[in-house]
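# An overview of the molecular structure
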Amino acid sequence: MAVDMSVDLGGASLPSPMMTASGCAANGRELARFFDIRELGAFVTKSVMADPRSGRGTPRMAETPSGMLNSIGLQGPGISAFIDKDLAWLHQAGARTLVSIAGNTSGEFAVVAARLRESAAFGSVVGVEVNISCPNVANRGLVFACDPLASAKVVALVREQLPRNIPIFAKLTPDVTDIVSIAQAAVKAGADGLTMINTLLGMVIDTDRLRPQVAGVTGGLSGPAVRPVAVRAVWQVKSAMREGRLPTVPIIGVGGVRTGRDALELVAAGASAVQVGTATFNDPSAPVRVGRELENLLQDKGFGCLKDAVGIAHERMA
Amino acid sequence: MAVDMSVDLGGASLPSPMMTASGCAANGRELARFFDIRELGAFVTKSVMADPRSGRGTPRMAETPSGMLNSIGLQGPGISAFIDKDLAWLHQAGARTLVSIAGNTSGEFAVVAARLRESAAFGSVVGVEVNISCPNVANRGLVFACDPLASAKVVALVREQLPRNIPIFAKLTPDVTDIVSIAQAAVKAGADGLTMINTLLGMVIDTDRLRPQVAGVTGGLSGPAVRPVAVRAVWQVKSAMREGRLPTVPIIGVGGVRTGRDALELVAAGASAVQVGTATFNDPSAPVRVGRELENLLQDKGFGCLKDAVGIAHERMA
Amino acid sequence: MSGVVQVTGELIATRRAGAYHHLTFVAPGLAEHAKPGQFVALAVGGDTSSNLLRRCFSIHKVSPSGTYGGTVDVVISPVGPGTEWLSGLRAHDEVDIVGPLGRAFPLPKEPVPCVLVGGGYGSAPLFWLAEALRERGCHVELVLGAATESKLFGVVEARRQADGVSVTTDDGSAGTRGWVSDVLPEVITRTGAAVVYGCGPMGMLKSITDVAAAHGAVAQVAVEESMACGVGVCMTCVMPVTGNDGVTRMVRSCVEGPVFRGDRVRWDAFDDGVCRVPADALGAPNVGGH
Amino acid sequence: MSGVVQVTGELIATRRAGAYHHLTFVAPGLAEHAKPGQFVALAVGGDTSSNLLRRCFSIHKVSPSGTYGGTVDVVISPVGPGTEWLSGLRAHDEVDIVGPLGRAFPLPKEPVPCVLVGGGYGSAPLFWLAEALRERGCHVELVLGAATESKLFGVVEARRQADGVSVTTDDGSAGTRGWVSDVLPEVITRTGAAVVYGCGPMGMLKSITDVAAAHGAVAQVAVEESMACGVGVCMTCVMPVTGNDGVTRMVRSCVEGPVFRGDRVRWDAFDDGVCRVPADALGAPNVGGH
Ligand SMILES: Cc1cc2nc3c(=O)[nH]c(=O)nc-3n(C[C@H](O)[C@H](O)[C@H](O)COP(=O)(O)OP(=O)(O)OC[C@H]3O[C@@H](n4cnc5c(N)ncnc54)[C@H](O)[C@@H]3O)c2cc1C
Ligand SMILES: Cc1cc2nc3c(=O)[nH]c(=O)nc-3n(C[C@H](O)[C@H](O)[C@H](O)COP(=O)(O)OP(=O)(O)OC[C@H]3O[C@@H](n4cnc5c(N)ncnc54)[C@H](O)[C@@H]3O)c2cc1C
Ligand SMILES: Cc1cc2nc3c(=O)[nH]c(=O)nc-3n(C[C@H](O)[C@H](O)[C@H](O)COP(=O)(O)O)c2cc1C
Ligand SMILES: Cc1cc2nc3c(=O)[nH]c(=O)nc-3n(C[C@H](O)[C@H](O)[C@H](O)COP(=O)(O)O)c2cc1C
Ligand code: FES
Ligand code: FES
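Residues numbered from 1 in each chain as written. Chains lettered and ligands numbered in written order. Predicted model: local features only at pLDDT ≥ 70, side-chain atom pairs only at ≥ 80, totals over all residues. Heavy atoms only, no water.

- Chain C has the name Dihydroorotate dehydrogenase electron transfer subunit in an unreviewed UniProt entry, where Knoellia koreensis is given as its organism.
- For the record of chain C, the UniProt heading Sequence similarities (unreviewed entry) holds the text "Belongs to the PyrK family." (UniProt positions renumbered as here; feature names shortened; annotations may be inferred.)

- For chain A, an unreviewed UniProt entry supplies the name Dihydroorotate dehydrogenase and the organism Knoellia koreensis.
- In its Function (unreviewed entry) section, the UniProt record describing chain A reads: "Catalyzes the conversion of dihydroorotate to orotate."

See the structure below:
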């Protein structure tokens, strides 16, 4: 008997928990060469900002042990071109789209959300991921998600711009002393769910030239190397929910997932859905392959539906 | 021509920058089977507390991609047995010892430091590493190094107990929003140097049993996987020193070093000395092998002495 | 604890043995110091490996010299990435080997009868041990058990190297249907064994210990705890063992073991894949403490 | 952009070629759609690899059918962990292959004379290109350059597949001492080339572009930017290229390249291993901005 893999994410009903991760799947066409993107629970787009952005110079990446460092600098077409070209394409392709948005200021997030709401293809949008793990120009470039107040402000502004039936997910950085306090602030401000984790701040030195390897000096660390940090973040926030320290909202787990077992780690820690990022660079069909592997694992373990496995490790403490 | 690998660490003159990492080398005898521990700049002992501690139950570890998670729980003999057996052995073996100390409370750190100072083998101690990346019982188990005040208090108390000529190094956790502020607090309170980084808080779920893999639920993530985080932490603190935001003190780099190139990354980012931890589990002679590789690299690049390479990447921004 | 070497071992033979892979490496300098019950720690995955930790394997046998110089044999059950990688190696591939590690099986001073019990690949170190015991004049019987026939190792070799062999399988596909502990009392009684040596899963070692005690024999068991380093520096492989002074400590099974006297192991602390720190252990956490 | 496949390729032949390794994989379904100038992305390190990212290699040649089904050839220079691992593979080893990727060399509609310039292993895709051009009736000359003789690839093959071959080495160990750009003007002039195709290091591609422009020829160059995915989803492989509309954008060299018209590439942005975003590029950072 097949496992019921459907999920309800703050109002969005998806047939599968599997998603691409923002910035690791471009905006649809590229991966459509490898699999049917309608097989995904949702396609998560690259964080889009108000205006076109060239991103940073190169080198933009370094391979690291079981991971990579990137410093793309949020290259993107800007919200208008995104809507006209990318969202339109995703719409006609029949994708369920989780649009990731970003801003240099909290106001920019609101502008992007408003433009999105007005777009013709808005019908294909199942939710909005608010990438607050990006630098806040107003606060010396400190990442919004490093500060509960800044996080709350962005989330509240975005929430205002979007219809109630469109859930918004705040995407958190693990680079904080207390991720639960950021999660609390985001949920209190109106986030319908949380995505964890964005990349870790890291750095690689080019040992031939003895200078920073990526043009942005520091960059974001991702891939299997960071999976234990993602599992821990999901676990901590889910624990806080179970203890009533913050309202229970769905968690989208992301960070280092490469196999069905990896996805199951995040699910058992408390994630209702799972994104596959860097592993896509290794295997372009990873987001759907991992979904199949996860389903097989759940079946082998006798689960009738995915929902029963969400957070199950909290019940089975050794 | 050989490269001058000597370093001066806040008063301690060492012939080599290479050290073991606390908790990754036991207390000397074990690795002495593989290499002459006098070849090290310093031997760093497992963090010792006031009383004997059994540590946690098992499983205590999980392998992770290019790293591992551990949850030892600071098992150790207590300061008295440490002095009588371990420090005495290190002393007769001719090791330069950097003693790592820990405590459940800031007072316990002071007690351990005081006992150490009184010990017969104190002559072999070249410095004390204050492992403030351990849980503070008085503050709901929050790690001391997550809080500038708690960090400062521990450092100040330890500094009082030890003679001026014995440098103390505060060992920081990367699990904070702003590592520079912790570094500032520690140096201001009297740390003669900083060791960065301790493990990252992580977690692995046993996907067969669907429960936390290690008995301690969460654990510390280490190994090459985390190296980019270590390089980043050293870089950030060194940058702050260069900008005058904190006094310039020596940095001991640790985190994911497995080869001479890895060590060179930390050195170029600002570390004057380098510890090798988890890689020792892969290669028991890693701490000295890495030192040889580092020396060869420096020689190939035309450096006459290691000191000239410390922090060099700050001068060579792309 | 001395005489341990770290060498690049060239694989010179690899063959299947039921569910296992039997590998022979050239490992100069290792064989000379090795004794039955000791183990080797192998690096896995090659230069680009994401598996940093060594994998530990009982030494099946060594030959200090020969055509290739000293060799060491191990028997590998492919259960995860490291053991699968090792099982897939081909002749002339190289593996970094550290060994011999740990404490060997203590040999009796007198030529007493001994029973050697192996579960699954746990029999691997026993043939070599049998040889050493018989050289001392001991009567040696082997009891080999496994879930099913393909998971028995060395039944043919056993018949050559022991004075008697009993075989059990859970499913009855070979020998007696059942567990080694079902046949062990008879073998101990019949042989009048003074020492029972065991190697295999924890549950089996506990029952060997119990059966031995019930029959007045000493149990010497080689445990298999999850190890990160194998050389005594990581503290991951600990288990509660009671010392001569009656105090229970969390001791490292890689350096103080893997062989322990069965009655010293605090079997009561093991349950469902975890091992708790007994409340009476040295430095055990206080209630509410660490 | 269609027709890309992901297949497990079995290595059926590997041989040294000077400083390089020439590998032939069975890769069913890949050869059929491939064109000269496209590349493949290979996963490296096997199941336990810590190297997550694929490595990209120009397709040296394909054969859509044959004894083994379709095959694809690549020429590998061992410079780091991934290329060293690939170079160490033996026959029957398997590698996950994605391809064909990227835009091929555009072929002229008319049978015009063409010069193909390869630096080091950059010559690998040119023989196949030469074949395609000659099939269209183009006169084809090859210019192969490298630091030293062992780093030239395919000089013998070149003589078979082109109407003329010039060779340069920096150290004079083979052919003319000097750079390809030293001999290129003469070849273009003599042949009256309308198109100059280039593949090799960035500096060489820039000078090919300059020389071609000076002689009224079009340059088509295959660039080699550091790529994390090879399939267009990571945005690491970008470079500033000016479009038909005169606007410079940071475009992905894996999907919009690797072949670009030389005069469209903003060579001015490249310096000492880094590439800056030109100030006039679309969405370029403002002063003090991102
Ligand atoms: C003293 C000793 C002797 C052993 N002898 C043999 C033998 O002769 N034949 C044989 O097939 N196996 C033996 N084992 C078990 C063998 O070490 C493990 O099966 C192997 O490490 C698993 O590695 P893996 O990568 O396949 O699995 P994984 O489960 O992926 O291993 C993950 C990590 O856990 C550790 N680990 C997992 N299981 C064990 C275990 N049972 N013991 C120690 N570490 C473990 C590994 O070292 C690795 O670090 C022995 C173990 C010990 C401690
Ligand atoms: C379109 C294209 C065609 C290529 N054709 C060939 C060829 O025919 N023969 C050949 O030997 N090499 C070719 N290269 C270069 C080859 O991809 C790199 O040498 C190789 O990726 C280096 O891998 P490594 O593990 O040995 O080195 P590392 O330096 O350790 O690689 C680290 C990371 O950087 C990336 N990287 C490093 N250098 C390059 C590079 N030059 N280009 C792309 N990614 C890089 C790797 O993919 C990897 O992710 C080509 C590159 C591109 C982009
Ligand atoms: C090249 C690259 C680009 C990324 N861009 C974005 C982005 O635009 N917005 C965002 O929220 N996260 C971005 N991320 C972070 C991923 O979405 C994901 O949170 C992170 O990489 C951890 O997951 P992984 O280990 O599966 O990659 C990016 C990651 C990578 C590797
Ligand atoms: C098994 C294990 C035990 C450790 N115990 C200690 C300890 O007692 N005190 C301490 O300061 N750090 C301890 N650490 C952290 C290391 O000293 C080091 O800071 C960290 O592992 C990062 O370095 P690495 O990647 O080289 O291992 C331990 C690490 C490991 C893996
Ligand atoms: S395995 Fe590391 S101490 Fe035993
Ligand atoms: S290499 Fe990933 S987009 Fe080009």
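### Here we look at the domain arrangement of chain C
All names here are of chain C.
- Domain boundaries assigned for chain C yield domain 1 (5-101) and domain 2 (114-275).
- Domain 1 and domain 2 are separated by 22 Å when their C-alpha centres are compared.
- Taken together, the contact pairs 22 residues of domain 1 with 21 residues of domain 2.
- Across the domain 1 to domain 2 interface the summed buried area is about 1700 Å²; carbon plus sulfur atoms make up 73%.
- Ranking the residues of domain 1 by area buried against domain 2 places Tyr20, Pro36 and His60 at the top, with a combined share of 33%. (Domains from an automatic or database assignment. Contact = heavy atoms within 4.5 Å. Buried area = accessible area lost by both parts, 1.4 Å probe.)

### Examining the environment of B:Val112
Residue and element names in this part refer to chain B.
- Take Val112: it is sitting in helix 3 (residues 106-117).
- Taking C-alpha positions, Val112 is 12 Å from Glu129, a pair spaced 17 residues apart along the chain.
- Apart from the residues within four sequence positions on either side, Val112 is in contact with Val48, Met49, Ala50, Ile79, Ile101 and Ala102. (Helix = DSSP H or I, 4+ residues; strand = E, 2+ residues; numbered from the N terminus.)

### Observations concerning the sheet that holds strand 6 (residues 67-70) of chain B
Residue and element names in this part refer to chain B.
- Read across the sheet, four strands follow the order 5-6-14-11 without closing on themselves; strand pairing throughout is antiparallel. Edge positions in the sheet fall to strand 5 (61-64) and strand 11 (200-202), since each has one partner strand and no second. On average, each strand axis in the sheet is inclined to that of its neighbour by 35 degrees, with strand direction left out of account.
- Pairing of strand 5 with strand 6, which is carried by four bridges, proceeds in the antiparallel orientation. If you follow Thr64 over to strand 6, its bridge partner there is Gly67. (Pairing = 2+ DSSP bridges. Axes fitted to C-alpha atoms, helices over the stretch in contact; angles between N-to-C directions.)

### A closer look at the relation of the copies chain A and chain B
- Relative to chain B, chain A is turned by 180 degrees and slid 0.0 Å along the rotation axis, the superposed coordinates differing by an RMSD of 0.0 Å. What the superposition gives is, in effect, a two-fold axis relating one chain to the other.
- When the interface residues of chain A are mapped onto chain B, 100% of them again fall at the interface, so both copies present the same face. (Least-squares fit on C-alpha atoms with pLDDT ≥ 70 in both.)

### Considering the site of ligand 2
- Taken together, 22 residues are adjacent to ligand 2, and D:Cys56, D:Val75, D:Gly82, D:Thr83 and D:Glu224 come closest.
- Take D:Val75: an N or O atom from its main chain is 2.7 Å from a nitrogen atom of ligand 2.
- With respect to ligand 2, the backbone of D:Glu225 contributes an N or O atom lying 3.4 Å from a nitrogen atom.
- A total of 820 Å² of accessible area belongs to ligand 2 in isolation, and the protein chains cover 86% of it.
- For the shell around ligand 2, the elements supplying multiple residues, two or more each, are strand 5 (61-64) of chain A together with strand 4 (55-58), strand 6 (71-76) and helix 1 (81-87) of chain D.
- Of the residues that constitute the shell around ligand 2, the class distribution is 11 nonpolar, six polar and five charged.
- Per-domain counts for the shell around ligand 2 show at least three residues from each of domain 1 (5-101) and domain 2 (114-275) of chain D. (Near = heavy atom within 4 Å. Polar contact = N/O pair within 3.5 Å; in protein donor to acceptor, adjacent residues only side chain to side chain. Areas by Shrake-Rupley, 256 points an atom, 1.4 Å probe, with all protein chains shown as cover. Nonpolar A, V, L, I, M, F, W, Y, C, P; charged D, E, K, R; others polar.)

### So, the interface of chain A and chain B
- Counting residues at the interface gives 43 residues for chain A and 43 residues for chain B.
- At the boundary of chain A with chain B, total buried surface from both sides reaches about 3900 Å², with 66% on carbon and sulfur atoms.
- For the pair chain A and chain B, the number of links is two salt bridges.
- A:Asp208 serves as the salt-bridge partner of B:Arg261, at 3.4 Å between the closest nitrogen and oxygen.
- Where chain A packs against chain B, one counts 16 residue pairs in polar contact (both at pLDDT 80 or more).
- Secondary-structure elements contributing two or more residues to the side of chain A that touches chain B are strand 13 (200-202), strand 15 (211-212), helix 6 (227-242) and helix 7 (260-269) of chain A.
- It is helix 6 of chain A that provides the largest number of residues to the side of chain A that touches chain B, a total of seven residues.
- Within the side of chain A that touches chain B, the residues separate by chemical class into 26 nonpolar, seven polar and 10 charged. (Salt bridge = Lys/Arg side-chain N within 4 Å of Asp/Glu carboxyl O.)

### Details of the environment of C:Gly102
Residues and elements named next belong to chain C.
- Its location among the elements puts Gly102 in the loop between strand 7 (94-101) and strand 8 (114-119).
- In this structure, the C-alpha to C-alpha distance between Gly102 and Phe39, residues 63 residues apart in sequence, is 6.6 Å.
- The residues touching Gly102, leaving out its near neighbours within four places in the chain, are Gln38, Phe39, Cys254, Gly257 and Pro258.

### Considering the sheet that holds strand 4 (residues 43-44) of chain B
Residue and element names in this part refer to chain B.
- On the basis of which strands lie adjacent, the open sheet formed by eight strands has the order 3-16-15-10-9-8-7-4 and parallel pairing. Taken across any chain shown, the strands that pair with only one partner, and hence form the sheet edges, are strand 3 (18-20) and strand 4.
- The pairing of strand 4 with strand 7 (residues 97-101) spans two bridges and is classified as parallel. Bridging from a neighbouring strand, Val44 pairs with Leu98 of strand 7.
- Contacts from helix 4 (residues 148-161) reach strand 7, strand 8 (125-131) and strand 9 (168-172), with the element oriented near 160 degrees to strand 9.

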